[in-house]
Amino acid sequence: TRDILSKFLLMYFNPATDAQITQILGIFLENIVMRKKQECLHDALVPTIVTLLEAPHDSPLREVKLETVLKYIIGATRPVFCSNGLNLHNTLSMKFLEFMRENLENKDILKVFSKELLVMEVSDDPLLKKDMIKQVEIVLKDSSAEQRTKKYLCDFRDMLNGTYKVPLKFSSTAQTTAITIGEEEEEEGLENIEEENDKKLV
């Protein structure tokens, strides 16, 4: 199932895929989310990413951006869309951190994955958070990451510790409003998936 879903995801994001096929795949993937079967997409993420990274230079898959695929999977696996009590973002976050540990010299991978960690909805589990913080510390210590990447990782660590300070945004009326990452992303929800389908049809 994992390998089949991975192939479907690759076909869906491949710019060379026929528009009609892309539309059918988009509907199929959306139904997986609606039926709360996101575990399939969750399990297919890593092999999909590996295939994209190892794609030949002349392959159209080279045009697919990692962050596009990550955002899609993250949006589809939000706890609000999953079965009661299931939080795929817990294991997904760990997969991200493990993947980063395995690619400590790849600055692009570190940057993309660390940024997406900030929108994860991790459960309030002390042991889980402690393990994640340990993984973050390893990446910070052993990698040659850029400053922005390190900032993302430090922010994620602070979020896990409960010490993250939400940036203030100023409106045109000079009023200050604190917007959390979770609130910003919640407004998108399934719209991200539908928008991705629409883009494929243009």
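In case you missed it, the structure is sitting above this.
Overview of the structure. (Residues numbered from 1 in each chain as written. Predicted model: local features only at pLDDT ≥ 70, side-chain atom pairs only at ≥ 80, totals over all residues. Heavy atoms only, no water.)

To continue, consider the overall build of the chain. Within the chain, the secondary structure is distributed over 10 helices and 2 strands. Along the chain, helices (α) and strands (β) appear in the sequence α-α-α-α-α-α-α-α-β-β-α-α when read from the amino end. Long-range pairs, those at least 24 residues apart, make up 67% of the contacts in the chain between residues at least 6 apart in sequence. Total accessible area on the chain stands at roughly 11500 Å², and carbon and sulfur atoms take up 51% of it. (Helix = DSSP H or I, 4+ residues; strand = E, 2+ residues; numbered from the N terminus. Contact = heavy atoms within 4.5 Å. Areas by Shrake-Rupley, 256 points an atom, 1.4 Å probe, with all protein chains shown as cover.)

This part covers the packing of helix α6 (residues 107-117) against helix α8 (residues 147-161). Interaxial distance between α6 and α8 falls to 8 Å at its minimum, and their mutual angle equals 30°. By the angle between their directions, the pair α6 and α8 is classed as roughly parallel. Remark: the crossing between α6 and α8 carries left-handed chirality. Along the contact surface, α6 presents K107, L110, K111, S114, K115 and L117, while α8 presents R148, T149, Y152, L153 and F156. Within the contact of α6 with α8, the residues separate by chemical class into 5 nonpolar, 2 polar and 4 charged. (Axes fitted to C-alpha atoms, helices over the stretch in contact; angles between N-to-C directions. Parallel < 35°, antiparallel > 145°, perpendicular 65-115°, else oblique. Left-handed = near helix turned anticlockwise from the far one by under 90°. Nonpolar A, V, L, I, M, F, W, Y, C, P; charged D, E, K, R; others polar.)

Moving on, we come to the packing of aromatic side chains. Per the counting criterion, the structure on display carries 6 aromatic pairs. Ring geometry for Y12 against Y72: centres 5.7 Å apart, planes inclined by 50°, an arrangement best described as tilted. Within this pair, whereas Y12 is found in helix α1 (residues 2-13), its partner Y72 is found in helix α4 (residues 66-76), the two being separated by 60 residues in sequence. For the residue pair Y12 and Y72, the accessibility class agrees, reading buried in each case. With a centroid separation of 5.4 Å and 90° between ring planes, the pair formed by F13 and Y72 is classed as edge-to-face. Separated by 59 residues along the polypeptide, F13 in helix α1 and Y72 in helix α4 bring together distant segments of the chain. Owing to a relative accessible area of 6%, F13 belongs among the buried residues under this scheme. Through a chain of ring-to-ring contacts, the aromatic side chains of Y12, F13 and Y72 assemble into a single cluster. (Phe/Tyr/Trp six-rings, centres within 6.5 Å; stacked < 30°, edge-to-face > 60°. Buried < 20%, exposed > 50% of the residue type's maximum accessible area, 1.4 Å probe, protein only.)

These figures capture arrangement, not role.
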